[in-house]
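Structural description and commentary
These are the residues of each chain, in order.
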Amino acid sequence: MLQLEDVHTRYGNIEALKGVSVEVRQGEIVTIIGSNGAGKSTLLMTICGSPQAAAGRILLNGEDITRTAPYDIVHLGISQAPEGRRIFARMSVLENLQMGSVPSGGRHFEEDVQKVFTLFPRLKERINQRGGTLSGGEQQMLCIGRALMARPRLLLLDEPSLGIAPILVRQIFNAIVEINKEQGLTILLVEQNAFQALKIAHRAYVLSTGRVVMEGAGRELLANPEVRAAYLEGGQKEVA
Amino acid sequence: MLYFLQQLINGLTLGAMYGLIAIGYSMVYGIIGMINFAHGDIYMIGAFVTVIAFTTLGIVGITWMPLALMVVLLCAMLFTAAYGWTVERIAYRPLRGSFRLAPLISAIGMSIFLQNYVQVAQGANVKPLAPIITGGIQLGSDGSFSVGISYVQIMVIVLTTVLMAAFSFLIAKTPLGRAQRACEQDLKMAGLCGVNVDRTISTTFVLGAALAAVAGLMASLYYGVVDFFIGFLAGVKAFTAAVLGGIGSIPGAMLGGLLLGLIESFWSGYFSIEYKDVAAFGILVVVLIFLPTGLLGKPEIEKV
Ligand SMILES: Nc1ncnc2c1ncn2[C@@H]1O[C@H](COP(=O)(O)OP(=O)(O)OP(=O)(O)O)[C@@H](O)[C@H]1O
Ligand SMILES: [Mg+2]
């Protein structure tokens with residue numbers, strides 16, 4: 001479904017991605033792990049065209065989207081719940097969801113909003129609250145909900161568990177698996193919470209300073225001693 | 001009391017015009033964080049289009065006032081909006097993403113260009129407009145002083161109120177307004193939501209210019225003269241109004257405009273007309289000392 005071929009991305013003089021090749025197939029959950037500054041968020045943003053890749057190609061179902069404008073990429077079926085959540089702070093929960101439904105022109109709004117509320121009932125209680133006053137976890141739910149409102153074929157999630165209580169983390173990961181299983185939605189997931197993220201992944205990549213240093217099935221990487229040493233230290237298993 | 005009433009009416013009229021221009025400054029600042037120095041000159045173009053359109057209609061023989069006014073209003077808004085759109089396209093968009101001062105300098109250049117362009121095309125002399133709407137209503141008199149509201153003033157206040165209501169609805173309730181607010185809050189995220197940000201920014205310039213055009217129409221009817229330089233002072237005043245109300249805030253721009261108009265009018269009425277600008281800017285300074293983000297500016301309290 002999505003192919004990145006030798007993608008380079010730079011911010012001025014800094015090269016954040018130094019030739020990354022990643023593939024996401026229809027119906028998969030693909031996880032990307034890596035330490036701070038490895039280029040994970042940059043990778044997701046590059047897929048969305050903001051910033052655009054300096055070199056290499058990005059293909060969506062065979063179509064080259066490397067030079068496509070960000071807002072057109074969303075219309076092609078890729079939506080993102082970005083790093084930092086980026087909720088529209090001075091808009092209500094409902095309006096944030098309406099912003100999510102821009103690509104579908106708001107046609108299936110009622111139906112889609114009900115789906116989001118089934119997934120995250122908390123949002124329904126907060127429907128008229130301003131985005132900026134939601135708790136961190138609620139913002140995360142809204143962020144994922146907003147991305148789902150676009151009716152994507154590929155959903156990009158950037159650290160959905162960041163700064164969230166363990167119980168909510170589990171709820172969010174369950175929701176991810178559920179969307180993937182029931183709606184067949186393809187998901188590309190970036191996580192620091194490597195244990196959980198690898199557990200639910202069909203396949204995974206390890207990114208380090210702008211390069212893919214390892215790839216394989218989720219379980220495989222989970223069992224890999226190097227990965228365990230680098231990304232699963234410090235009792236992260238217990239958090240799960 | 002009568003005198004007070006008269007100053008109030010004059011102040012509201014003036015303030016309505018400042019407010020309409022100020023919205024353009026505020027919206028553009030809100031969405032791309034730049035001060036569009038050419039906005040005052042866009043207003044000046046609106047005033048010129050008004051004069052030219054009225055003159056043309058007079059030649060053609062359309063003199064029934066309500067019809068003429070409607071036609072001129074539409075012409076002024078359309079032409080001026082086209083100027084606003086073009087300015088953004090050629091002078092600001094190519095500079096987006098370059099260093100912060102570049103669009104600002106480009107805006108100053110655009111302002112000078114528009115002034116010179118009108119000066120060359122229309123001449124440097126003051127252009128008079130024969131009174132179109134004359135007369136008024138006398139509200140009261142005590143022998144020596146009589147207070148009245150002219151029909152032009154009524155038109156200014158009514159038209160501004162209607163436009164503001166329509167405009168607030170547009171911003172608060174329509175998908176276009178929602179996209180506009182989204183871009184204002186987080187341009188990048190709005191793009192990730194599928195909003196065509198370039199088009200939304202263009203729309204912002206078009207809307208701001210159209211409102212400034214209405215102010216230009218009002219000013220040319222109210223004062224009866226236009227020249228290529230009127231955009232400068234009106235622009236500075238409206239910008240002040242936008243800052244006073246809290247730059248980035250649309251209701252703030254309107255409120256700031258009204259206050260500025262009232263301050264000027266009362267100051268000239270009760271103290272001295274020479275120092276009215278000093279008073280206006282003095283109050284701006286005082287407000288900014290206590291409320292750095294302006295009256296209705298958004299203090300960033302939200303966690304994002
Ligand atoms: N807008 C930017 N301008 C300049 N450099 C940037 C920018 N965004 C990211 N970088 C740099 O690019 C590199 C990769 O950043 P990125 O945000 O992709 O890392 P990440 O893997 O998502 O890290 P984290 O786990 O901390 O979120 C970092 O060195 C970072 O400093
Ligand atoms: Mg990141």
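Residues numbered from 1 in each chain as written. Chains lettered and ligands numbered in written order. Predicted model: local features only at pLDDT ≥ 70, side-chain atom pairs only at ≥ 80, totals over all residues. Heavy atoms only, no water.

Points about the overall build of chain B
Along the backbone of chain B there are 11 helices and four strands. Taken over C-alpha atoms, the radius of gyration comes to 19 Å for chain B, in line with the 19 Å a tight globule of 304 residues would show. The principal-axis extent of the C-alpha atoms belonging to chain B is close to 65 × 50 × 35 Å. Expressed as a percentage of the 304 residues in chain B, the buried residues total 51%. Partitioning the contacts of chain B with sequence separation of at least 6, the portion at a separation of at least 24 is 75%. With an accessible surface of roughly 13700 Å², chain B has 73% of that area assigned to carbon and sulfur atoms. (Helix = DSSP H or I, 4+ residues; strand = E, 2+ residues; numbered from the N terminus. Rg over C-alpha atoms; globule rule 2.2 N^0.38 Å. Buried < 20%, exposed > 50% of the residue type's maximum accessible area, 1.4 Å probe, protein only. Contact = heavy atoms within 4.5 Å. Areas by Shrake-Rupley, 256 points an atom, 1.4 Å probe, with all protein chains shown as cover.)

So, the overall build of chain A
Broken down by element type, chain A carries 11 helices and 10 strands. By the compact-globule yardstick of 18 Å for 240 residues, chain A fits well, its C-alpha radius of gyration being 17 Å. In terms of its C-alpha atoms, chain A occupies a principal-axis envelope of roughly 45 × 45 × 35 Å. The proportion of buried residues among the 240 residues of chain A is 57%. At a minimum sequence separation of 6, the contacts of chain A that also span at least 24 residues come to 67%. Total accessible area on chain A stands at roughly 9800 Å², and carbon and sulfur atoms take up 48% of it. The averaged location of the 25 negative side-chain charges in chain A is 3 Å from the averaged location of its 26 positive side-chain charges. (Lys, Arg positive; Asp, Glu negative; His and termini not counted. Charge placed at Lys NZ, Arg CZ, Asp CG, Glu CD.)

Looking at the pairing of strand S10 (residues 211-217) of chain A
All names here are of chain A. The sheet contact formed by strand S9 (residues 203-208) and S10 spans six bridges and is antiparallel. By the bridge assignment for S10, Ala204 is matched with Gly216. Remark: two residues form the turn of the hairpin made by S9 and S10, two consecutive strands paired antiparallel; Thr209 in that turn has positive phi of roughly 35 degrees. (Pairing = 2+ DSSP bridges.)

Side note on the interface of chain B and chain A
Much of the literature gives interface size as the accessible area that the parts lose upon coming together. In this complex, chain B contributes 24 residues to the contact, which on the side of chain A involves 27 residues. When chain B packs against chain A, close to 2300 Å² is buried across both sides, 58% of that on carbon and sulfur atoms. On inspection of chain B and its partner chain A, the count reaches three salt bridges. Among the salt bridges present, the one from Arg181(B) reaches Glu95(A), with a minimum N-O distance of 2.7 Å. Taken together, chain B and chain A are joined by nine residue pairs in polar contact (both at pLDDT 80 or more). Those elements that place two or more of their residues in the side of chain B that touches chain A are helix H6 (175-185), helix H7 (187-192) and helix H8 (197-223) of chain B. At six residues, H6(B) tops the list of elements feeding residues into the side of chain B that touches chain A. (Buried area = accessible area lost by both parts, 1.4 Å probe. Salt bridge = Lys/Arg side-chain N within 4 Å of Asp/Glu carboxyl O. Polar contact = N/O pair within 3.5 Å; in protein donor to acceptor, adjacent residues only side chain to side chain.)

Some details on the coordination of the magnesium ion (ligand 2)
All names here are of chain A. Distances from the magnesium ion (ligand 2) to its protein donors, namely Ser41 (OG) and Glu83 (OE), fall within the range 1.9 to 2.3 Å. Taken together, the residues Ser41 in helix H1 (residues 40-47) and Glu83 in the loop between strand S6 (78-81) and helix H3 (93-100) connect sequence positions 42 residues apart. The buried category is assigned to Ser41, whose relative accessible area is 17%. (Donors = N, O, S within 2.8 Å, 3.2 Å for Na, K, Ca; no water.)

What to know about the packing of helix H3 (residues 65-92) of chain B against helix H4 (residues 101-122) of chain B
All names here are of chain B. One can describe the packing of H3 onto H4 by two numbers: an axis separation of 10 Å at closest approach and a directional angle of 135 degrees. Considered as vectors, H3 and H4 are oriented oblique to each other. Crossing hand, H3 versus H4: right-handed. Contacts between H3 and H4 involve Tyr83, Val87, Ile90, Ala91 and Tyr92 on the former and, on the latter, Pro103, Ser106, Ala107, Met110, Leu114 and Tyr117. (Axes fitted to C-alpha atoms, helices over the stretch in contact; angles between N-to-C directions. Parallel < 35°, antiparallel > 145°, perpendicular 65-115°, else oblique. Left-handed = near helix turned anticlockwise from the far one by under 90°.)

Comments concerning the sheet that holds strand S4 (residues 55-60) of chain A
Residues and elements named next belong to chain A. Strand order across the open sheet formed by four strands is S2-S1-S4-S5, with antiparallel pairing between neighbours. With one partner strand each, in any of the chains shown, strand S2 (14-24) and strand S5 (63-64) form the two edges of the open sheet. The sheet contact formed by strand S1 (residues 2-11) and S2 spans eight bridges and is antiparallel. If you follow Arg10 over to S2, its bridge partner there is Glu15. Strands S1, S2 and S4 of the sheet are contacted by H1, whose axis makes an angle of about 115 degrees with S1.

Thoughts on the site of ligand 1
All names here are of chain A. Taken together, 14 residues are adjacent to ligand 1, and Lys40, Ser41, Thr42, Glu83 and Gln192 come closest. In the model, an oxygen atom of ligand 1 is placed 3.3 Å from a nitrogen or oxygen of the Glu159 side chain. Side-chain polar atom of Gln192 to an oxygen atom of ligand 1: 2.7 Å apart, as the coordinates give it. In the complex, the protein chains occlude 62% of the 640 Å² of accessible area that ligand 1 would expose alone. When residues of the shell around ligand 1 are traced back to their parent elements, those giving at least two are S2 and H1. In terms of residues, the shell around ligand 1 owes the most to one element, H1, which gives three residues. Its residues placed into classes, the shell around ligand 1 shows four nonpolar, seven polar and three charged. (Near = heavy atom within 4 Å. Nonpolar A, V, L, I, M, F, W, Y, C, P; charged D, E, K, R; others polar.)

With respect to the environment of Asp41(B)
Residues and elements named next belong to chain B. Of note, Asp41 is situated in helix H2 (residues 39-60). Of the residues examined, Asp41 reaches a relative accessible area of 2% and is grouped as buried. Expressed as a C-alpha distance, the spacing of Asp41 and Phe145, which sit 104 residues apart in the sequence, is 37 Å. What Asp41 contacts, discounting residues up to four positions off in sequence, is Ser111, Leu114, Gln115 and Gly231.

A short note on the nonpolar core
Across soluble globular proteins, nonpolar side chains show a tendency to be buried alongside one another. Ranked by size, the top nonpolar core spans 113 residues in total, and within it Leu2(A), Ile78(A), Leu188(A), Ile23(B), Tyr92(B), Met218(B) and Leu221(B) carry the most contacts. Sequence-distant contacts of Leu221(B), that is, excluding residues within four places in its chain, are made with Phe54(B), Leu69(B), Leu129(B), Ile132(B), Ile133(B), Val152(B) and Met155(B). If you look at the next biggest cluster of nonpolar residues, it comprises 35 residues, including Val93(A), Val116(A), Ile144(A) and Ala197(A). (Core = buried A, V, L, I, M, F, W, Y, C linked by side-chain atoms within 4.5 Å.)

Overview of the UniProt feature "transmembrane region" (unreviewed entry) in chain B
All names here are of chain B. With numbering aligned to this structure, UniProt lists the feature "transmembrane region" (unreviewed entry) at residues 12-35, 42-62, 68-87, 99-118, 151-172, 205-223 and 279-297. As a span, residues 12-35 carries 88% helix and 0% strand, and end to end its C-alpha atoms are 25 Å apart. Annotated as 90% helix and 0% strand, the span residues 99-118 places its first and last C-alpha atoms 30 Å apart. (UniProt positions renumbered as here; feature names shortened; annotations may be inferred.)

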